[in-house]
Amino acid sequence: MSWAVDPYRIFHTAVEGEPIEGIGPFTRITKPYMARNIAPRVLLAGSSRAEYALVPAEAERLLGEGPAFNAALSGPNIYEVRRMIDHANGVGNVRTLVLGLDFYMFNAQLAPQDAFSDTRLAVTPQGARNHLGRLSDLPLALLSIDTLEAVRKALKYRGRGDPCQDIWYRDGTRLPGLLECEAATNRGFRDSTASTLKFYLTSKTLYKDYRLNPGGLAHIQHVLEEAAARGQRVVLYFSPVQALHLGAIDKAGLWPLFEAWKKEIFHLAEETREEGTDIALWDYARLSPLTAVTLPPENEEPWQGAFYDSHHVRPEIGKRMMAEMLEAGEEGPEAGGVRLTVSNLDKELARQRAAFLAWWQAHEEARAFLDAASPEAAQ
């Protein structure tokens with residue numbers, strides 16, 4: 001029964017275009033197997049921000065190369081991201097890596113999630129081949145109590161076509177059904193934005209008492225060294241977040257550390273570029289026409305802005321970002337990013353700070369909204 005139902009989708013390979021429902025809690029189990037079946041040449045990686053925004057088929061179209069795979073995970077720390085890239089390198093021949101980086105990934109208090117396991121990956125943390133990776137989940141997938149419960153849920157919910165659940169495809173594409181439903185009304189958009197802001201401000205794994213993981217930068221250095229050794233093209237970017245989310249970073253007293261983190265990533269990327277790797281770093285975590293979101297009035301037309309909440313953009317924005325970052329000529333309009341270089345880094349970060357402060361001061365309703373969503377407002 002467990003093999004036939006395959007709740008983790010690790011035994012039966014999905015065909016192209018077949019929707020994969022119900023794997024939301026299990027993507028850390030499922031995606032390594034999906035990557036084995038795809039054997040990617042183009043890899044998209046990061047958090048759920050990249051998982052929703054970056055569409056593999058669009059990357060293939062822009063680059064004229066494939067297959068592409070979206071290996072991003074929901075809520076990962078930087079170690080999980082690095083290891084998914086290691087795995088993709090082990091099962092494919094990655095030529096282009098597009099990696100979205102988020103400030104929270106580098107919080108020392110954010111551990112790998114329980115479902116994550118190095119043992120199912122094609123490469124060990126030390127870089128050796130893991131020939132038993134495919135077999136590591138057999139006890140879990142065929143014999144465990146957890147699997148029996150997953151089978152029950154799969155039989156109950158799979159195939160119902162619920163428009164308010166997320167759906168995946170074999171290339172890692174994630175359709176944001178749940179977020180679409182939450183943003184279907186302005187109240188939904190306002191509530192989802194408020195709840196995510198509050199979550200980030202109250203969780204120690206996110207912005208509350210944030211401590212930068214000293215080993216986090218070493219994981220990025222590892223990714224870049226592997227890319228250099230393999231002759232890969234690398235595009236790094238800081239994920240776009242709403243101005244309200246930038247306000248949360250500022251309210252938590254983290255802006256200086258946020259800026260220092262950007263600089264550290266830049267210097268690692270620049271060192272790799274100087275050694276001959278094709279690498280670029282783009283910054284979307286800044287005030288721009290894309291991120292300068294003002295909340296819509298309540299009870300009006302459904303919200304169709306660029307964001308679903310404080311930090312997830314729609315796939316159409318991701319397509320514009322990829323066209324901009326991959327320098328696809330006139331494929332699409334600018335998406336609000338800036339490429340960081342030696343000549344503009346310090347001025348750009350200073351300009352970002354000044355632009356945010358000016359916007360924040362001019363938008364009282366945004367300040368009031370963040371204050372209402374802050375933990376002290378509930379006391």
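Right, let's walk through the structure included here. (Residues numbered from 1 in each chain as written. Predicted model: local features only at pLDDT ≥ 70, side-chain atom pairs only at ≥ 80, totals over all residues. Heavy atoms only, no water.)

Remarks on the packing of helix H10 (residues 216-230) against helix H12 (residues 255-274)
Where H10 meets H12, the closest approach of the two axes is 10 Å, and the angle between their N-to-C directions is 20°. Taken together, H10 and H12 sit at an angle that is classed as roughly parallel. For H10 against H12, the interelement crossing comes out right-handed. From H10, Leu217, Ile220, Gln221, Leu224 and Ala228 reach across to H12, where they touch Glu264, Ile265, Leu268, Ala269 and Thr272. (Axes fitted to C-alpha atoms, helices over the stretch in contact; angles between N-to-C directions. Helix = DSSP H or I, 4+ residues; strand = E, 2+ residues; numbered from the N terminus. Parallel < 35°, antiparallel > 145°, perpendicular 65-115°, else oblique. Left-handed = near helix turned anticlockwise from the far one by under 90°. Contact = heavy atoms within 4.5 Å.)

Side note on the packing of H12 against helix H14 (residues 345-362)
Packed helices, taken two at a time, are described by the angle between their axes plus the distance between the axes. With their axes 11 Å apart at the nearest point, H12 and H14 run at an angle of 155° to one another. The orientation of H12 with respect to H14, classified from their angle, is roughly antiparallel. Relative to H14, the crossing made by H12 is right-handed. Judged by residue contacts, Trp255, Glu259, Lys262, Lys263, Phe266 and His267 of H12 engage Leu345, Asp346, Leu349, Gln352, Arg353 and Phe356 from H14.

Some remarks on the nonpolar core
Ranked by internal contacts, the top residues of the largest apolar core, which has 106 residues, are Leu99, Leu101, Phe106, Ile220, Leu236, Tyr237 and Ile265. Dropping the residues within four chain positions of it, Leu236 is found in contact with Leu99, Leu224, Ile265, Ala269, Ile279, Ala280, Leu281 and Trp282. (Core = buried A, V, L, I, M, F, W, Y, C linked by side-chain atoms within 4.5 Å. Buried < 20%, exposed > 50% of the residue type's maximum accessible area, 1.4 Å probe, protein only.)

Concerning H12
Here H12 spans 28 Å end to end across 20 residues, near enough to the 28 Å set by a 1.5 Å rise per residue. Among all positions of H12, only Trp255, Phe258, Trp261, Lys262, Ile265, Phe266, Leu268, Ala269, Glu270 and Thr272 are buried. Contacts from the buried residues of H12 go to strand E4 (96-101), H10, strand E7 (233-238), helix H11 (243-251), strand E8 (279-283) and H14. With its phi angle positive at about 110°, Gly276 sits one or two positions after the end of H12. (Expected span 1.5 Å × (residues − 1).)

A short note on the side chain of Ser48
Assignment of secondary structure puts Ser48 in helix H3 (residues 48-53). Non-local contacts of Ser48, meaning those with residues more than four positions away in its chain, are made with Leu73, Ser74, Gly75, Arg174 and His312.

Some thoughts on the state of the cysteines
Here the structure, examined in full by the defined rule, presents 1 disulfide. Through a disulfide, Cys164 is tied to Cys181; the S-S separation comes to 2.0 Å. The disulfide joining Cys164 to Cys181 has a torsion of about -90° about its S-S bond and is therefore left-handed. Linking Cys164 in the loop between helix H7 (145-157) and strand E5 (167-168) with Cys181 in helix H8 (residues 177-182), this pair joins segments that are 17 residues apart in sequence. We classify Cys181 as partly exposed; its relative accessible area is 30%. (Disulfide = S-S within 2.5 Å.)

Looking at the sheet that holds strand E6 (residues 174-175)
By definition, the strands of a sheet pair up through backbone hydrogen bonds, in either a parallel or an antiparallel sense. Taking strand neighbours across the sheet as the criterion, the 3 strands line up as E1-E5-E6 in an open arrangement whose pairing is antiparallel. A single partner strand is all that each edge strand has here, and the edge strands are strand E1 (20-21) and E6. Here E1 runs beside E5; their pairing, made up of 2 bridges, is antiparallel. Its bridge partner lying in E5, Ile20 is registered against Trp168. (Pairing = 2+ DSSP bridges.)

What to know about the environment of Glu80
Along the chain, Glu80 turns up in helix H5 (residues 78-91). As a C-alpha pair, Glu80 and Arg28 span 52 residues in sequence and 9.3 Å in three-dimensional space.

A word on the packing of aromatic side chains
A complete count under the given rule lists 18 aromatic pairs for this structure. Ring centres of Phe103 and Tyr207 lie 6.2 Å apart, and the angle between their planes is 40°; this geometry places the pair in the tilted category. Placement of the pair is Phe103 in the loop between E4 and helix H6 (138-143) and Tyr207 in the loop between helix H9 (186-202) and H10, with a sequence separation of 104 residues. Taken individually, Phe103 and Tyr207 each receive the classification buried, so the pair is uniform in this respect. Centroid distance Phe103 to Tyr210: 4.3 Å. Interplanar angle 20°. Geometry classified as stacked. Placement of the pair is Phe103 in the loop between E4 and H6 and Tyr210 in the loop between H9 and H10, with a sequence separation of 107 residues. (Phe/Tyr/Trp six-rings, centres within 6.5 Å; stacked < 30°, edge-to-face > 60°.)

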